[in-house]
Amino acid sequence: MAVERTLSIIKPDAVAKNVIGEIESRFEKAGLRIVAMKMVQLSQEKAEGFYAEHKERPFFKDLVEFMTSGPVVVQVLEGENAILANRDLMGATNPKEADAGTIRADFAESIDANAVHGSDSAASAEREVSYFFSAEEICAR
Ligand code: GDP
Ligand code: MG
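Small disclaimer: the values here were computed from a predicted structure and weren't measured.

**Quick notes on the side chain of H117**
Right, on to step 1. Checked against the element boundaries, H117 lands in strand β4 (residues 116–118).
Right, on to step 2. A polar side-chain atom of H117 sits 2.9 Å from a polar atom in the side chain of E128.
Right, on to step 3. Setting aside residues up to four positions removed in sequence, H117 forms contacts with L7, S8, I9, K11, F50, Y51, N86, M90 and E128.

**Here's the deal with the pattern of salt bridges**
Right, on to step 1. Under the definition given, this model contains five salt bridges.
Right, on to step 2. Between E137 and K38 there is a salt bridge, with the nearest N and O atoms lying 3.6 Å from each other. Of this pair, E137 sits in the segment after α7 (122–132) while K38 sits in strand β2 (residues 33–40), placing them 99 residues apart in sequence.
Right, on to step 3. E65 is the partner of K61 in a salt bridge, and the nearest nitrogen-oxygen pair spans 3.8 Å. Highlighted residues: K61 and E65, both in helix α4 (residues 60–67), separated by four residues, approximately one helical turn.

**Remarks on the nonpolar core**
Right, on to step 1. Counting 21 residues, the largest nonpolar core has L7, I9, M67, V74, V76, F132 and F133 as its most contacted members.
Right, on to step 2. Secondary-structure elements contributing two or more residues to this core are β1 (3–10), β2, α3 (44–50), α4, β3 (72–80) and α7.
Right, on to step 3. Per-element tally for this core: the top contributor is α4, with five residues.
Right, on to step 4. Core analysis: the next-biggest nonpolar cluster, separate from the first, contains 17 residues, A14, I34, A82 and M90 among them.

**As for the site of ligand 1**
Right, on to step 1. Taken together, K11, Y51, H54, F59, L63, R87, T93, R104, I111, D112 and N114 make up the full set of residues adjacent to ligand 1.
Right, on to step 2. Within the side chain of H54, a nitrogen or oxygen atom sits 2.9 Å from an oxygen atom of ligand 1.
Right, on to step 3. One of the backbone nitrogen or oxygen atoms of I111 is found 2.9 Å away from an oxygen atom of ligand 1.
Right, on to step 4. The fraction of the free accessible surface of ligand 1 (540 Å²) that becomes covered by protein chains is 79%.
Right, on to step 5. Here ligand 1 is seated within the largest pocket.

**Focus on unusual backbone geometry**
Right, on to step 1. With a phi close to 65°, N18 is a non-glycine residue in the positive phi region.
Right, on to step 2. Given the relative accessible area of 68%, N18 is considered exposed.
Right, on to step 3. Although it is not a glycine, N81 sits at a positive phi angle of roughly 50°.
Right, on to step 4. Inspection of the secondary structure assignment puts N81 in the loop between β3 and α5 (82–90).
Right, on to step 5. Of the residues examined, N81 reaches a relative accessible area of 28% and is grouped as partly exposed.

**Examining the side chain of Q75**
Right, on to step 1. Examined against the element boundaries, Q75 turns out to sit in strand β3.
Right, on to step 2. On the basis of relative accessibility, which here comes to 0%, the residue Q75 falls in the buried class.
Right, on to step 3. A distance of 3.2 Å separates a polar atom in the side chain of Q75 from a polar atom in the side chain of E24.
Right, on to step 4. If sequence neighbours within four positions are ignored, Q75 has contacts with T6, L7, S8, I10, E24, F27, I34, A36, M37 and F133.

Cut-offs applied
Residues numbered from 1 in each chain as written. Chains lettered and ligands numbered in written order. Predicted model: local features only at pLDDT ≥ 70, side-chain atom pairs only at ≥ 80, totals over all residues. Heavy atoms only, no water. Helix = DSSP H or I, 4+ residues; strand = E, 2+ residues; numbered from the N terminus. Polar contact = N/O pair within 3.5 Å; in protein donor to acceptor, adjacent residues only side chain to side chain. Contact = heavy atoms within 4.5 Å. Salt bridge = Lys/Arg side-chain N within 4 Å of Asp/Glu carboxyl O. Core = buried A, V, L, I, M, F, W, Y, C linked by side-chain atoms within 4.5 Å. Buried < 20%, exposed > 50% of the residue type's maximum accessible area, 1.4 Å probe, protein only. Near = heavy atom within 4 Å. Areas by Shrake-Rupley, 256 points an atom, 1.4 Å probe, with all protein chains shown as cover. 1 Å grid on protein atoms, 1.4 Å probe; cavity = no way out; pocket = protein on both sides within 12 Å on 5 of 7 lines; lining within 4 Å. Sits in = over half its atoms within 2 Å of the grid points.

The structure is reproduced here in structure tokens:
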């Protein structure tokens, strides 16, 4: 196992529901540390660039619209196997298919409004962390 960093986003639906703290608590209880964080309102351009890999998908427009519909919390989580650990805590993309006790099962309403984002690989974690944070904004432990 290796110490990794991954990008996590608490999406507009979860921010609106006032469950930021409950979600952060799950990361902390699982041993992941928040080493950078900020609350931001994404512009259309920033959201489109972040989800560029999905540009051709039929849901792209809805996804960008949703991600810009309100503030989000963007953060870097650090810990052993952080990328997979975060994905396990999040649960499946569609909350109806997410395992009981996962963040999406407990807080998400639909596949569009599904509470959280997490990088899905080492390569995407590297790209996504640097998409939002400069090296100086990440507090190394
Ligand atoms: P994730 O890595 O689990 O977030 O899932 P993906 O990277 O595949 O998709 C990015 C985001 O696009 C998801 O979190 C969903 O909010 C949204 N999304 C993915 N697939 C669909 C879909 O089939 N329909 C709709 N409406 N949204 C989707
Ligand atoms: Mg993804």
